[in-house]
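This is what each chain is made of:
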Amino acid sequence: MSTHSVVHNRFTLEREYPLPGAEVFEAWANPRIKARWFAGNSDNYTMDFRPGGLEQNRVVLPDGKRITWESLYREIVPDHRIVYTSVLSEGDTVATVSLTTVEFIHQGKTTRLVLNEAGAYLDGHEQPEWREEGTTSQLEALERHLNDLAQV
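From a predicted model like this one, the values you see are computed outputs, not experimental measurements.

*Asks:* Mind showing me how you'd approach the pattern of salt bridges here?
*Replies:* Note on pairing: side chains with opposite charge can pair once their charged atoms come close. Applying the stated criterion across every chain, the model contains 6 salt bridges. Glu14 is the partner of Arg112 in a salt bridge, and the nearest nitrogen-oxygen pair spans 2.8 Å. With Arg112 in strand β7 (residues 110–122) and Glu14 in strand β1 (residues 6–17), the pair connects residues that are 98 residues apart, well separated along the chain. Residue classification places Glu14 among the partly exposed residues on the basis of a relative accessible area of 43%. The residue Asp48 makes a salt bridge to Arg50 at a minimum N-O spacing of 2.9 Å. One salt-bridge network, held together by shared partners, links Glu117, Glu126 and Arg131.

Have a look at this one:
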C-alpha cells in the first residue's frame, strides 16, 4: 500500500534587472531567447506564448529518469504580467502542480521582476525548497543574459 501526501507551499522571488520592462518581458516571451536561459537550449523545449499556449521542456537525467515540465499560459498582459499553471512529472507520475504569476514593474531604465508561485507537491516526488532553488537558478541565468544585453 502506498502513502499519498500533499505539501502546499508558496514563495516569492524578486529581482531588479538593468533594462526596461519591454526588454525583460521579451526575454520571457521570445521562445529562442527563453530557451537559452530557461532550458539550456534544449532540443526538447517548445513554447507557444499566448493565452492557452503550452510551454514544455523534457529532459532525461543521467539515471534514465524522464522529467517533463509543462506550463499552460492563462493570462498575458504584454510588458506587465504573465500567469501560468504548471505540471512537473517524473515519467507518468505527477510530482508538482503550481500556479505562477510573473510581474514586470517598470522603473525607468530598470525593471523589478516579482515572481510568485504556489504549489502542491505530491507524494514526496519534489520538495518545495528544490523548486525554489531551481527557480532562483533560472532567474540568475536570466540576469546573466540581461546583463550581457545591457553591456552592448
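On we go.
*Asks:* Help me understand the side chain of Glu55, please; the structure alone is not making it clear to me.
*Replies:* Position of Glu55 relative to the elements: it lies in strand β3 (residues 54–60). Here Lys34 takes part through its side chain, which lies 3.1 Å from a polar atom of the side chain of Glu55. Apart from the residues within four sequence positions on either side, Glu55 is in contact with Lys34, Phe38, Tyr45, Thr46, Met47, Trp69, Glu70, Ser71 and Tyr73.

*Asks:* What is the right way to look at the pairing of strand β6 (residues 93–107) in this model?
*Replies:* Regular strands place their side chains on alternate faces of the sheet. Where strand β5 (residues 81–90) and β6 come together, 10 bridges link them in antiparallel fashion. In the sheet register, Ser86 faces β6, and the bridge partner there is Ser98. In sequence, β5 turns back onto β6 through a hairpin of 2 residues, with Gly91 there showing a positive phi of about 60°. As paired strands, β6 and β7 are joined by 12 bridges and run antiparallel to one another. Bridge pairing links Ser98 to Gly119 in β7. Here β6 hands over to β7 after 2 residues, with Gly108 in that stretch at a positive phi of 70°.

What counts and what doesn't
Residues numbered from 1 in each chain as written. Predicted model: local features only at pLDDT ≥ 70, side-chain atom pairs only at ≥ 80, totals over all residues. Heavy atoms only, no water. Salt bridge = Lys/Arg side-chain N within 4 Å of Asp/Glu carboxyl O. Helix = DSSP H or I, 4+ residues; strand = E, 2+ residues; numbered from the N terminus. Buried < 20%, exposed > 50% of the residue type's maximum accessible area, 1.4 Å probe, protein only. Polar contact = N/O pair within 3.5 Å; in protein donor to acceptor, adjacent residues only side chain to side chain. Contact = heavy atoms within 4.5 Å. Pairing = 2+ DSSP bridges.

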